[in-house]
Amino acid sequence: MQLQALTVLSRLASRRPEAREWLARAFEGRLAELSEEALDVAVETGGPIGQVLAALVGDQADPNLAERLMLRCDERDFRESVPLREVAEVATRRQLEFLKSELSARPEQVPRLCPHVG
């Protein structure tokens with residue numbers, strides 16, 4: 001059901017710019033729950049869902065979600081997807097920010113977080 005609702009909202013937002021806000025509201029409090037389904041919708045429909053998701057990930061993603069999306073966007077079926085390029089970039093940047101923060105706060109974690117550094 002969620003996949004269908006996201007598909008309808010994404011297609012609507014393609015035709016009506018004000019529907020982007022409705023699409024963004026669909027993720028309120030459920031970004032982690034809906035984000036992976038949103039990747040599937042973005043690949044299927046193109047449309048603005050990738051841009052909306054990228055903005056939300058940039059503002060709200062925690063380290064686990066950023067890493068999950070970064071890895072998922074690098075899977076074979078998603079790697080070449082134009083609608084997911086922004087999501088992949090934002091999730092990767094977000095994950096890098098978290099790692100930099102972690103490393104500066106706890107340098108003893110470098111071997112664990114970056115095993116091939118050193």
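Remember, predicted model here, so these are calculated numbers, not experimental data.

Q: Looking at this structure, how should I read the overall build of the chain?
A: Scanning the chain from terminus to terminus reveals 8 helices and 0 strands. Reading the helices (α) and strands (β) of the chain from amino to carboxyl end gives α-α-α-α-α-α-α-α. When burial is assessed residue by residue, the chain has 35% of its 118 residues classed as buried. Counting contacts in the chain only where the partners sit at least 6 residues apart, residues at least 24 apart contribute 67% of the total. Total accessible area on the chain is roughly 7,300 Å²; 51% of this is exposed by carbon and sulfur atoms.

Q: So what exactly am I meant to see when it comes to helix 5 (residues 63-73) here?
A: Residues lying three or four places apart along an α-helix face the same way, a consequence of the helix completing one turn every 3.6 residues. Where helix 5 is concerned, the buried positions are Leu65, Ala66, Leu69, Arg72 and Cys73. Down the axis of helix 5, the buried side of the element spans an arc of 135 degrees, and every buried residue falls inside it. The elements touched by buried residues of helix 5 are helix 3 (31-45), helix 4 (49-60), helix 6 (76-79) and helix 7 (85-105). Sitting at the amino-terminal end of helix 5 is Asp62, which places a side-chain oxygen 3.1 Å from the backbone nitrogen of Asn64.

Q: I'm lost on the nonpolar core in this one. Help?
A: Soluble globular proteins tend to bury their nonpolar side chains together. Among the nonpolar cores identified, the biggest contains 29 residues, and Leu6, Leu23, Phe27, Ile49 and Leu53 are the most heavily contacted of them. Of all the elements in the fold, those that place two or more residues in this core are helix 1 (2-15), helix 2 (19-26), helix 3, helix 4, helix 5 and helix 7. Leaving out residues up to four positions away in the same chain, Leu53 has contacts with Phe27, Leu31, Ser35, Ala38, Leu39 and Val87.

Q: Whenever I open this one, the pattern of salt bridges confuses me. Can you help?
A: On inspection of all chains with the given rule, the structure shows 11 salt bridges. Between Arg79 and Asp74 there is a salt bridge; the shortest N-O distance is 3.2 Å. Across the pair Asp77 and Arg76 runs a salt bridge, and its minimum N-O distance is 3.6 Å. For Asp77, a relative accessible area of 58% translates into the label exposed.

Procedures and definitions
- Sequence order sets the numbering: in each chain, residues are counted from 1 along the sequence as written.
- Where local features are concerned, this predicted model is filtered to residues with pLDDT of at least 70; where side-chain atom pairs are given and counted, the filter is 80 or more; whole-chain, interface and lining totals use all residues.
- Only heavy atoms go into the side-chain values, all of them from the structure, while hydrogens and water stay out.
- Helix and strand definitions here come from DSSP, where helices need a minimum of 4 consecutive H or I residues and strands a minimum of 2 consecutive E residues; each element is numbered from the N-terminal end.
- Whether a residue is buried, partly exposed or exposed follows from its accessible area with a 1.4 Å probe, protein chains only, as a fraction of its type maximum: under 20%, in between, or over 50%, in that order.
- Every residue pair with non-hydrogen atoms within 4.5 Å of one another is taken to be in contact.
- Note on areas: Shrake-Rupley, 1.4 Å probe, and residue coverage restricted to the protein chains presented here.
- The arc in question is the one traced by the directions running from the helix axis out to the C-beta atoms.
- Distance and chemistry together define a polar contact, namely a pair of N or O atoms within 3.5 Å, with one atom able to donate a hydrogen and the other to accept it when in protein, and with adjacent residues in sequence counting only for side-chain atoms on both sides.
- Definition used in this section: a nonpolar core is a set of buried Ala, Val, Leu, Ile, Met, Phe, Trp, Tyr and Cys residues joined via side-chain atoms within 4.5 Å.
- Here, a salt bridge means any side-chain nitrogen of Lys or Arg that lies within 4 Å of a carboxyl oxygen of Asp or Glu.

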